[in-house]
Amino acid sequence: MNVDPTEKDPAKIRTALVELYETELDLEPTDLALIDIAAPMLARAAQLDAVVKREGQMIPGGNRAGMFVLHPGIAQAQTNRASAAGTLGKIRGEGDGNRRGHNARDAIAARWGNRV
């Protein structure tokens, strides 16, 4: 199961992330806590994407009448994804040594690197 970037349900995102990571790593409780932190961030980013899609990338605003500005949901979604990627990048799984967790970082870079 892959993590759908349009999924808005944190529980479904959490399940998908656990499945994704468990294919490469034996997750520890700390790793699961990191997933619990990141899943709502990714869900909120998807929710913001839906709002931007509905309202448009440019919305009325600014300090002059009739001026359009970039939708603030765009920047917030990017921030949420970057924060989630940073959090998920800390997942290391079981084991020792400096190669511990390299698969997690590679998986995050492959999945979320282009969205951050």
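Computed from a predicted model, the values in this text were never measured in an experiment. (Residues numbered from 1 in each chain as written. Predicted model: local features only at pLDDT ≥ 70, side-chain atom pairs only at ≥ 80, totals over all residues. Heavy atoms only, no water.)

A few words now on the overall build of the protein. Each helix and strand in the protein was counted, giving four helices and two strands. Burial statistics for the protein: of 116 residues in total, 34% are counted as buried. Sequence separation of at least 24 residues holds for 61% of the intrachain contacts in the protein that already meet a minimum separation of 6. As displayed, the protein has an accessible area near 6900 Å², and 52% of this comes from carbon and sulfur atoms. (Helix = DSSP H or I, 4+ residues; strand = E, 2+ residues; numbered from the N terminus. Buried < 20%, exposed > 50% of the residue type's maximum accessible area, 1.4 Å probe, protein only. Contact = heavy atoms within 4.5 Å. Areas by Shrake-Rupley, 256 points an atom, 1.4 Å probe, with all protein chains shown as cover.)

Turning to the packing of helix H1 (residues 10-22) against helix H2 (residues 29-55), a few remarks are in order. Relative orientation of the contacting elements H1 and H2 amounts to 130°, with a least axis distance of 8 Å. With respect to H2, the element H1 is oriented oblique. For the element pair H1 and H2, the recorded crossing hand is right-handed. For the pair formed by H1 and H2, the contact residues are Pro 10, Ile 13, Arg 14, Leu 17, Val 18 and Tyr 21 on the first element and Leu 32, Ile 35, Asp 36, Ala 39, Pro 40, Leu 42 and Ala 43 on the second. Classifying every residue of the contact of H1 with H2 gives 11 nonpolar, no polar and two charged. (Axes fitted to C-alpha atoms, helices over the stretch in contact; angles between N-to-C directions. Parallel < 35°, antiparallel > 145°, perpendicular 65-115°, else oblique. Left-handed = near helix turned anticlockwise from the far one by under 90°. Nonpolar A, V, L, I, M, F, W, Y, C, P; charged D, E, K, R; others polar.)

A few words on a nonpolar patch on the surface. A cluster of nonpolar side chains, namely Met 58, Phe 68 and Leu 70, defines an oily patch on the protein surface of about 320 Å² accessible area. Locating Met 58 in the fold gives a position in strand S1 (residues 58-60). (Patch = residues over 30% accessible without salt bridge, like charges linked within 9 Å, V, L, I, M, F, W, Y side chains within 5 Å. Salt bridge = Lys/Arg side-chain N within 4 Å of Asp/Glu carboxyl O.)

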